[in-house]
Protein chains: 2
Amino acid sequence: MKKFSLIVAGGSGVRMGGEVPKQFMVLSEKPVLMHTLEAFYSYDPDIRIILVIPESHFGYWEELCRQYRFQLPHTRIAGGNTRFHSVKNGLGEIPEEGIVFIHDGVRPLIGRSTLLRCEELARQKGNAVPVIPASESVRWTDGDITRPLDRSRVMLVQTPQTFRVSLIKEAYGQPFTDEFTDDASVLEKAGYQIFLTEGNRENIKITWPYDLYMADAVMKSQARR
Amino acid sequence: MKKFSLIVAGGSGVRMGGEVPKQFMVLSEKPVLMHTLEAFYSYDPDIRIILVIPESHFGYWEELCRQYRFQLPHTRIAGGNTRFHSVKNGLGEIPEEGIVFIHDGVRPLIGRSTLLRCEELARQKGNAVPVIPASESVRWTDGDITRPLDRSRVMLVQTPQTFRVSLIKEAYGQPFTDEFTDDASVLEKAGYQIFLTEGNRENIKITWPYDLYMADAVMKSQARR
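Residues numbered from 1 in each chain as written. Chains lettered and ligands numbered in written order. Predicted model: local features only at pLDDT ≥ 70, side-chain atom pairs only at ≥ 80, totals over all residues. Heavy atoms only, no water.

### Topic: the packing of aromatic side chains
All names here are of chain A.
Right, so step 1: Under the counting rule described, the total for this entry stands at 18 aromatic pairs over all chains.
Right, so step 2: Ring geometry for Phe-84 and Phe-176: centres 5.2 Å apart, planes at 50°, overall tilted. Taken as a pair, Phe-84 in helix α3 (residues 83-91) and Phe-176 in the loop between α5 (165-171) and α6 (183-189) lie far apart in primary sequence, 92 residues in all.
Right, so step 3: We classify Phe-84 as buried; its relative accessible area is 5%.
Right, so step 4: Here the aromatic residues Phe-24, Tyr-60, Trp-61 and Phe-70 are joined through ring pairs into a cluster of three or more.
Right, so step 5: Positioned above the aromatic ring of Phe-58 is the side chain of Arg-76, whose terminal nitrogen or guanidinium carbon lies 3.9 Å from the ring centre. (Phe/Tyr/Trp six-rings, centres within 6.5 Å; stacked < 30°, edge-to-face > 60°. Helix = DSSP H or I, 4+ residues; strand = E, 2+ residues; numbered from the N terminus. Buried < 20%, exposed > 50% of the residue type's maximum accessible area, 1.4 Å probe, protein only. Lys NZ or Arg CZ within 6 Å of the ring centre and 35° of its normal.)

### Some remarks on the interface of chain B and chain A
Right, so step 1: Counting residues at the interface gives 46 residues for chain B, matched by 46 residues for chain A.
Right, so step 2: Each partner contributes to the roughly 4000 Å² buried at the junction of chain B and chain A, and carbon and sulfur atoms together form 55% of this total.
Right, so step 3: When the buried area of chain B at its contact with chain A is split by residue, Arg-139, Arg-153 and Tyr-210 of chain B rank highest and sum to 19% of it.
Right, so step 4: In this structure, the connection of chain B to chain A is made through 6 salt bridges. (Contact = heavy atoms within 4.5 Å. Buried area = accessible area lost by both parts, 1.4 Å probe. Salt bridge = Lys/Arg side-chain N within 4 Å of Asp/Glu carboxyl O.)

### Concerning the pattern of salt bridges
Right, so step 1: Under the counting rule described, the total for this entry stands at 30 salt bridges over all chains.
Right, so step 2: Arg-76 of chain A is the partner of Glu-62 of chain A in a salt bridge, and the nearest nitrogen-oxygen pair spans 2.5 Å. With Glu-62 of chain A in helix α2 (residues 58-67) and Arg-76 of chain A in strand β5 (residues 75-78), this pair connects stretches of sequence that are 14 residues apart.
Right, so step 3: By relative accessible area, which is 40% here, Glu-62 of chain A ends up partly exposed.
Right, so step 4: One connected set of salt bridges, linked through shared partners, spans Arg-83, Asp-104, Arg-107 and Asp-183 of chain A together with Glu-136 of chain B.

### Examining the packing of helix α1 (residues 32-43) of chain A against α2 of chain A
Residues and elements named next belong to chain A.
Right, so step 1: Two numbers describe how α1 lies on α2: the axes approach to 11 Å, and their chain directions differ by 75°. The orientation of α1 relative to α2 falls into the category roughly perpendicular. Where α1 abuts α2, its residues Leu-33, Met-34 and Leu-37 lie against Trp-61, Leu-64 and Cys-65.
Right, so step 2: Looking at side-chain class alone, the contact of α1 with α2 contains 6 nonpolar, no polar and no charged residues. (Axes fitted to C-alpha atoms, helices over the stretch in contact; angles between N-to-C directions. Parallel < 35°, antiparallel > 145°, perpendicular 65-115°, else oblique. Nonpolar A, V, L, I, M, F, W, Y, C, P; charged D, E, K, R; others polar.)

### A few points about the relation of the copies chain B and chain A
Right, so step 1: Once chain B is rotated about the relating axis by 180° and shifted along it by 0.0 Å, it coincides with chain A to within an RMSD of 0.0 Å. Look at the turn and shift together and you get a two-fold axis relating the two. It is Met-214 of chain B whose C-alpha, among those of chain B, lies nearest the rotation axis, at 2.3 Å.
Right, so step 2: When the interface residues of chain B are mapped onto chain A, 100% of them are again interface residues, pointing to one common binding face. (Least-squares fit on C-alpha atoms with pLDDT ≥ 70 in both.)

### Digging into unusual backbone geometry
Right, so step 1: With an omega of 10°, the peptide bond running from Thr-159 of chain A to Pro-160 of chain A counts as cis.
Right, so step 2: Looking at the element boundaries, Pro-160 of chain A is found in the loop between β10 (154-157) and β11 (161-164).
Right, so step 3: For Arg-69 of chain A, which is not glycine, the phi torsion reads 50° and is therefore positive.
Right, so step 4: Mapped onto the elements of the fold, Arg-69 of chain A is located in the loop between α2 and β5.
Right, so step 5: Residues other than glycine seldom take positive phi values, yet Glu-29 of chain B does so here, at roughly 75°.

Limitation: the analysis is restricted to geometry and does not speak to function.
Given below as structure tokens:
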């Protein structure tokens, strides 16, 4: 069964406070996004990689690829106004049946074992969502009122959320609503049960400058092994 | 008003997989716990620091203090069987009214601005709990069934949870129950409303080997500033 990696990197990087969107920031000698693509390629060199970025970033990405001599094969697609529309555009590029990993471009530390678990579960059940349990106490807030949540039941959701292509394409045929916070929520709205599997703790989403330091440290420690 | 820092480091370090409990692991040239004590001392040199560790660790801690020439004044108290009992033992050392910061020994990256916010709010309202919003999608799980939670309402709880001494001592007079997952839950059970303030994202709890790499990276980047 053919495998696809749909990598979405549409963020404008507002939270980083800088001018360079975080997917283009340099981490261990190359832009974050290149590490992300490489993680999928090293998982399976036959995977087909579809990269969804804003059209306005096409030129910059080409320039980066030249500068870093980045030649890993991938199809570049223009993103939409929301993540939903970007993913939908990317799915339009997949004509065949198979398994698709939908992944945040700013999660370069996705682990091989997580990818294996996601693929296996998605083959069996149609979908797989990698999660890690909260390692801290958790509270629910509602205005001034807060109450503790049982942290053993609270799962932090990572990507790649992984799907049988036909299922997720069907789900993305629905009209957009604000309830769609991730791909799993789109499939769920179409009436399907979501299946969780274990993610990897290093698989952080690079959102804050601090996350770049952490990711850099993890990469260095992995390189030393 | 007198300030106290009650630092609890009772963990046996099972999750780290090693023999050295994580509070004693070396981070940027000295044990984690020494960084934690120093953070409070540098916040306010007049703060009184009470360190609660298992009695079986007394000798090792003394040896570490000698070895690293660590001379920061603190009172060392024996922990109890649970975190609740350890905190209760520590509170027993505080005779006066004041503000007490109850802090995890394995959170060396507590920030000065978080401490200021906690102190201010605890003075006004009697308690303060530092939290950060979840930066990822969040799911609630119950057996096979999972459902998305509105992540804007989900807060990850840090320490130091900060209290007026008389209030938290009163709350710790209650009999122990399993519902007590942190100090805020003890005060809440005694009928008080909990007040949240902003923590700092770097203030991670060192739980996994990976967290040590991250903490190290953060310390190095802070040193460069």
